[in-house]
Amino acid sequence: MKFDGFLTSIAKTRTIQRRERQWRSPADLNEGDRPALRDVRPEQHFTQPPPRYSEASLVKKLEELGIGRPSTYASIIQVLQDRSYVRLDKKRFIPEDRGRIVVAFLHEFFKRYVEYDFTADLESQLDDISGGRIDWKAVLRDFWQASVQPSKVRAT
């Protein structure tokens, strides 16, 4: 035998199937057996959605994700309200239909640019540009090279 690839694959598949059978059917149960009931708890539990963001919790989340700077947090919050993306109700942000539509549109057509890591990395690069540690032309070149991929360019 020169190569046992197929046989190895078959052996692994059979091992996985054997493990699944053992997991699915406990050892001492047969068809028609009535297993003993251990415990029934008549408790009802309702899951709660995560709490809405407040101004403070939104700023905390932005800091955790590395998005924005202390000098920009107030303007970010103001833009969200001025453009009617959210409304403030009992000190909590409630998303408006316009905000939901904009988010859905951005995720559909500009997914890469609304990712947290992309935003945080770009802000870090902008800090490096302002500090003179990297060349702004190199950042722009890398940005556009990553943005225009042959698979995304449509022929007319």
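Scroll up to find the structure.
Not measured: the values here are computed from a predicted model.

Details of the packing of helix 2 (residues 55-65) against helix 3 (residues 70-82)
Now for step 1: Relative to each other, helix 2 and helix 3 sit at 120°, their axes nearing to 11 Å. When the axis of helix 2 is compared with that of helix 3, the two are oblique. Where helix 2 crosses over helix 3, the handedness of that crossing is right-handed. Judged by residue contacts, Glu55, Leu58, Val59, Leu62 and Glu63 of helix 2 engage Tyr73, Ile76, Ile77 and Leu80 from helix 3.

Quick notes on the nonpolar core
Now for step 1: Core analysis: the largest hydrophobic core is formed by 7 residues, namely Leu58, Leu62, Ile67, Tyr73, Ile77, Val86 and Phe93.
Now for step 2: Mapped by element, the contributors of at least two residues to this core are helix 2 and helix 3.
Now for step 3: Contact partners of Phe93, with chain neighbours within four places excluded, come to Arg52, Tyr53, Ser54, Glu55, Leu58, Ile77, Gln81, Val86, Arg87 and Leu88.

Remarks on the pattern of salt bridges
Now for step 1: Summed over the entire model, instances satisfying the criterion amount to 6 salt bridges.
Now for step 2: For Arg41, the salt bridge goes to Asp39, with nearest N and O atoms at 2.9 Å.
Now for step 3: For Arg69, the salt bridge is made with Glu123, and the minimal N-O distance between the two is 3.2 Å. Separated by 54 residues along the polypeptide, Arg69 in the loop between helix 2 and helix 3 and Glu123 in helix 5 (residues 116-130) bring together distant segments of the chain.
Now for step 4: Linked by salt bridges that have partners in common, Arg69, Glu123 and Asp127 make up one network.

Describing the side chain of Glu123
Now for step 1: At 3.2 Å, the side chain of Glu123 and the side chain of Arg69 are in polar contact.
Now for step 2: Discounting chain neighbours no more than four positions away, the residues touching Glu123 are Gly66, Ile67, Gly68 and Arg69.

Rules behind the numbers
- Residues numbered from 1 in each chain as written.
- Predicted model: local features only at pLDDT ≥ 70, side-chain atom pairs only at ≥ 80, totals over all residues.
- Heavy atoms only, no water.
- Axes fitted to C-alpha atoms, helices over the stretch in contact; angles between N-to-C directions.
- Helix = DSSP H or I, 4+ residues; strand = E, 2+ residues; numbered from the N terminus.
- Parallel < 35°, antiparallel > 145°, perpendicular 65-115°, else oblique.
- Left-handed = near helix turned anticlockwise from the far one by under 90°.
- Contact = heavy atoms within 4.5 Å.
- Core = buried A, V, L, I, M, F, W, Y, C linked by side-chain atoms within 4.5 Å.
- Buried < 20%, exposed > 50% of the residue type's maximum accessible area, 1.4 Å probe, protein only.
- Salt bridge = Lys/Arg side-chain N within 4 Å of Asp/Glu carboxyl O.
- Polar contact = N/O pair within 3.5 Å; in protein donor to acceptor, adjacent residues only side chain to side chain.

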